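Structure assessment
Each chain, written out:
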Amino acid sequence: MLNLILYALKFVFILLLYVFIFALIRSVLKDTKLIADTGPEEVTPARLVVNFGKNNSQSYALTDKVIIGRSEAADIQLDDNFISFNHARVYKQGSAYLVQDLKSTNGTLLNGKRINKEALNNGDEITIGKINLKFLQ
């Protein structure tokens, strides 16, 4: 009878060992994004950060369309005389965000280059007047 119990315990131990190894491999594959997670994903909205890395920085979550300028009606209102009332807009097209200059007097720069309309990538820096905004996605 003792041999039967020991044999059953060996079987249970081996089964638990295989379950542990399976769970470990699944966890590693999830961490390396080799398999899809079926659970709900936390989605961090894209945002623009004014004065990125400084104590007085402000973060703005992006919606489908955001107007940047000096106007009180602008979604992101910036106080700088070199900024037009409706200077630029950032909008979503499909899964990408684009920045477009709205025929401003001083133009809009993307990573130091004057643009009319360009797609944004994570970490891009938009310069409007004397103010820098960082795009984070």
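Below is a summary of the structure that appears in this document. (Residues numbered from 1 in each chain as written. Predicted model: local features only at pLDDT ≥ 70, side-chain atom pairs only at ≥ 80, totals over all residues. Heavy atoms only, no water.)

Observations concerning the overall build of the protein chain
A count of helical and extended segments in the protein chain gives one helix and 11 strands. Helices (α) and strands (β) of the protein chain occur, in sequence order from the N terminus, as α-β-β-β-β-β-β-β-β-β-β-β. Within the protein chain, the fraction of its 137 residues that count as buried is 28%. Summarising the internal contacts of the protein chain: among those between residues at least 6 apart in sequence, 30% fall at separations of at least 24. Per element, the accessible surface of the protein chain, about 10,000 Å² overall, is 56% carbon and sulfur. (Helix = DSSP H or I, 4+ residues; strand = E, 2+ residues; numbered from the N terminus. Buried < 20%, exposed > 50% of the residue type's maximum accessible area, 1.4 Å probe, protein only. Contact = heavy atoms within 4.5 Å. Areas by Shrake-Rupley, 256 points an atom, 1.4 Å probe, with all protein chains shown as cover.)

Looking at the sheet that holds strand β7 (residues 108-110)
Sheet architecture is open: six strands sit in the order β2-β1-β11-β10-β7-β8, paired in antiparallel fashion. Of all the strands in the sheet, just β2 (58-61) and β8 (113-115) have a single pairing partner and so form its edges. When the angles between neighbouring strand axes are averaged without regard to direction, this sheet yields 30 degrees. Summarising the sheet, β7 and β8 pair through three bridges and their orientation is antiparallel. Its bridge partner lying in β8, T108 is registered against I115. (Pairing = 2+ DSSP bridges. Axes fitted to C-alpha atoms, helices over the stretch in contact; angles between N-to-C directions.)

Some details on the sheet that holds strand β9 (residues 117-119)
Taking strand neighbours across the sheet as the criterion, the five strands line up as β4-β3-β5-β6-β9 in an open arrangement whose pairing is mixed. In the strand order of this sheet, the two ends are held by β4 (76-77) and β9, each with one partner. Alignment of strand β6 (residues 96-101) against β9, held across three bridges, turns out to be antiparallel. Looking across to β9, one finds that L98 is bridged to A119.

A closer look at the environment of L98
Note that L98 resides in strand β6. Counting along the chain gives 21 residues from L98 to A119, while the straight-line C-alpha distance between them is 4.2 Å.

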